[in-house]
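Next come the chains, spelled out residue by residue.
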Amino acid sequence: MEGYLKAPFKYAQEARVTTYLETLEYRRTVCDLEEKWEAFRSGLTAEQDQTLDALLEQERKVGYLEEGATFASGLSIGVSLGRL
């Protein structure tokens, strides 16, 4: 992500996104997901668990890059609409 977008993106993540996620639906989904992950991981060997952690870290990085691209696109659209 370009330098000038990092500060507003970080602000949005820290101060704005959580407001939209404070819903019963989100909490239920997260709780259910955590339970399923615990059950799944309990059956893995130590090596499989390490491999899974590495893959999940890569997936998190990809997700972060995708979030940044979505944010930049939304900001660009907002600026364009503001010019109308």
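Engineer: Could you give me a rundown of helix α1 (residues 3-21), with the residues and numbers involved?
Structural biologist: Taking 1.5 Å per residue, 19 residues should reach 27 Å; α1 reaches 27 Å between its end C-alpha atoms and fits that length. Maximum bend of α1: about 40 degrees, positioned at Q13. All of the buried residues along α1 are L5, F9 and A12. Along its buried surface, α1 packs onto α3 (46-82).

Engineer: Would you mind going over a nonpolar patch on the surface in detail, with residue names and values included?
Structural biologist: Together, V17, L21 and Y26 make up an exposed nonpolar region whose accessible area comes to about 230 Å². Its place among the elements puts Y26 in helix α2 (residues 24-41).

Engineer: Give a description of the pattern of salt bridges that names residues and reports values.
Structural biologist: Counted by the stated rule, this structure contains five salt bridges. With a closest N to O distance of 2.2 Å, R41 and D53 form a salt bridge. Here D53 lies in helix α3 and R41 lies in helix α2, a separation of twelve residues in the sequence. Taking the shortest distance from any N to any O, the salt bridge between R60 and E57 comes out at 3.1 Å. With R60 and E57 both in helix α3, this residue pair falls three residues apart, about one helical turn.

Basis of the calculations
The residue count restarts for each chain, going from 1 along the sequence in the order it is written. Only residues with pLDDT of at least 70 are given local features in this predicted model, and only at 80 or more are side-chain atom pairs given and counted; all residues enter the totals for whole chains, interfaces and linings. Here the side-chain values reflect all heavy atoms present in the structure, with hydrogen atoms and water set aside. Here a helix means four or more residues in a row that DSSP labels H or I, a strand means two or more in a row labelled E, and each is numbered from the N terminus. Given the number of residues in a helix, its expected span is that number minus one, multiplied by 1.5 Å. Across the chain, bend at a residue is computed as the angle between axes fitted to the seven residues ending at that point and the seven starting from it. Buried residues are those whose accessible area, probed at 1.4 Å on protein chains only, stays under 20% of the maximum for their type, while exposed residues exceed 50% and partly exposed ones sit between those limits. By definition, residues are in contact when any of their heavy atoms lie within 4.5 Å. Only residues above 30% relative accessible area that lack a salt bridge enter a patch, with like-charged residues linked at up to 9 Å and the nonpolar side chains Val, Leu, Ile, Met, Phe, Trp and Tyr linked at up to 5 Å. The Shrake-Rupley method, run with a 1.4 Å probe, gives the accessible areas here. Residue values count only the displayed protein chains as cover. The working definition used for a salt bridge is a side-chain nitrogen of Lys or Arg within 4 Å of a carboxyl oxygen of Asp or Glu.

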